[in-house]
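Overview (structure and organization)
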Amino acid sequence: MNDAPTTGYSADVGNKTTFRVVAHSSVFRVLRRPQEFVNRTPETVFIFWGPPNKMQKPQGSLVRVIQRAGLAFPNLEAYAISPTRMRQFDDLFRGETGKDREKSHSWLSTGWFTMVIAVELCDHVHVYGMIPPNYCSQRPRLRRTPYHYYEPKGPDECVTYIQNEHSRKGNHHRFITEKRVFSSWAQLYGITFSHPSWT
């Protein structure tokens, strides 16, 4: 997802990337490093997502940036999620949580988009490295775990999750809420969560 690298981390995350789901806020970080993201595994399909006001804003369309990248890198296979499809993701969030995304000041995470896309495209989904919804309330607070595996000195995972989940000012990801939804989808869509296991 986004600009998460495989170089230097392949023992844990592998070398092959079939799909890379990229948020509007990560487009430039991905395209600035073509050796890591575009050329490293030429068969990678990129799926870019973002609210229409970010993807097609008058002062600089990210869709145009992605189109120009396609000309610069002929092997780049890229898709952008349409405004209609973005509304469907919002509707799904409301249907699953009972919360209106905009009224609850929630941002959908790249993990949300990735899980929905995976469920739609794949017969079986096996997820590695995604913690269950109750993880942060159960684990001892002595151990710090970085939010991104490739930023060991970055923010703590549980601090980030809890702050985002409970904040009422501004817009925030509702990571724990999303994980509760994923947990309910596990049996429904045949999703297996490993390392850590969600059993």
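Residues numbered from 1 in each chain as written. Predicted model: local features only at pLDDT ≥ 70, side-chain atom pairs only at ≥ 80, totals over all residues. Heavy atoms only, no water.

Things to note about the domain arrangement of the protein
Along its sequence, the protein is organised into domain 1 (1-81) and domain 2 (88-198). Between the C-alpha centres of domain 1 and domain 2 the distance comes to 21 Å. Between domain 1 and domain 2, the contact holds 13 residues from the first and eleven residues from the second. Here domain 1 packs against domain 2, burying approximately 1000 Å² in sum over the two surfaces, 77% of which is carbon and sulfur. (Domains from an automatic or database assignment. Contact = heavy atoms within 4.5 Å. Buried area = accessible area lost by both parts, 1.4 Å probe.)

Quick notes on the sheet that holds strand E3 (residues 77-80)
A sheet is described by the order of its strands in space; here three strands give the open sequence E1-E2-E3, paired in parallel fashion. A single partner strand is all that each edge strand has here, and the edge strands are strand E1 (19-23) and E3. Averaged over all neighbouring strand pairs, the angle between strand axes comes to 20°, with direction disregarded. In terms of strand pairing, strand E2 (residues 45-49) meets E3 through four bridges, oriented parallel. Bridging from a neighbouring strand, Phe 46 pairs with Ala 78 of E3. (Pairing = 2+ DSSP bridges. Helix = DSSP H or I, 4+ residues; strand = E, 2+ residues; numbered from the N terminus. Axes fitted to C-alpha atoms, helices over the stretch in contact; angles between N-to-C directions.)

Notes on helix H5 (residues 62-72)
Here H5 has its buried residues at Leu 62, Val 63, Val 65, Ile 66 and Ala 69. Burial along H5 is one-sided: seen end-on, the buried residues are contained in an arc of 160°. Every exposed residue of H5 that faces more than 90 degrees away from the buried side is listed here: Arg 68 and Leu 71. The inward-facing, buried residues of H5 contact helix H2 (27-31), E2, helix H4 (52-55) and E3. Its side-chain oxygen at 3.2 Å from the backbone nitrogen of Val 63, Ser 61 defines the N-terminal cap of H5. (Buried < 20%, exposed > 50% of the residue type's maximum accessible area, 1.4 Å probe, protein only. Arc of directions from axis to C-beta. Polar contact = N/O pair within 3.5 Å; in protein donor to acceptor, adjacent residues only side chain to side chain.)

Some thoughts on the pattern of salt bridges
Taken as a whole and judged by the stated rule, the model has six salt bridges. The salt bridge partner of Arg 94 is Asp 100, with a shortest N-O separation of 3.2 Å. The exposure class of Asp 100 is partly exposed, given its relative accessible area of 23%. With its nearest N and O atoms 3.6 Å apart, the salt bridge here joins Glu 102 to Arg 101. We classify Glu 102 as exposed; its relative accessible area is 55%. Overall, Arg 101 belongs to the buried group, its relative accessible area being 18%. One salt-bridge network, held together by shared partners, links Asp 90, Arg 101 and Glu 102. (Salt bridge = Lys/Arg side-chain N within 4 Å of Asp/Glu carboxyl O.)

Structural notes on the pairing of E2
In terms of burial, E2 is a largely internal element, five of the five residues being buried. Burial of E2 is two-sided: the residues Val 45, Ile 47 and Trp 49 facing one way and the residues Phe 46 and Phe 48 facing the other way are all buried. With five bridges connecting them, E1 and E2 associate as parallel partners. Considered in E2, the bridge of Phe 19 is made with Val 45.

So, the environment of Arg 64
Tracing the backbone shows Arg 64 in helix H5. A relative accessible area of 42% means that Arg 64 is categorised as partly exposed. Each C-alpha atom, one on Arg 64 and one on Lys 179, is 33 Å from the other, the two residues being 115 residues apart in sequence.

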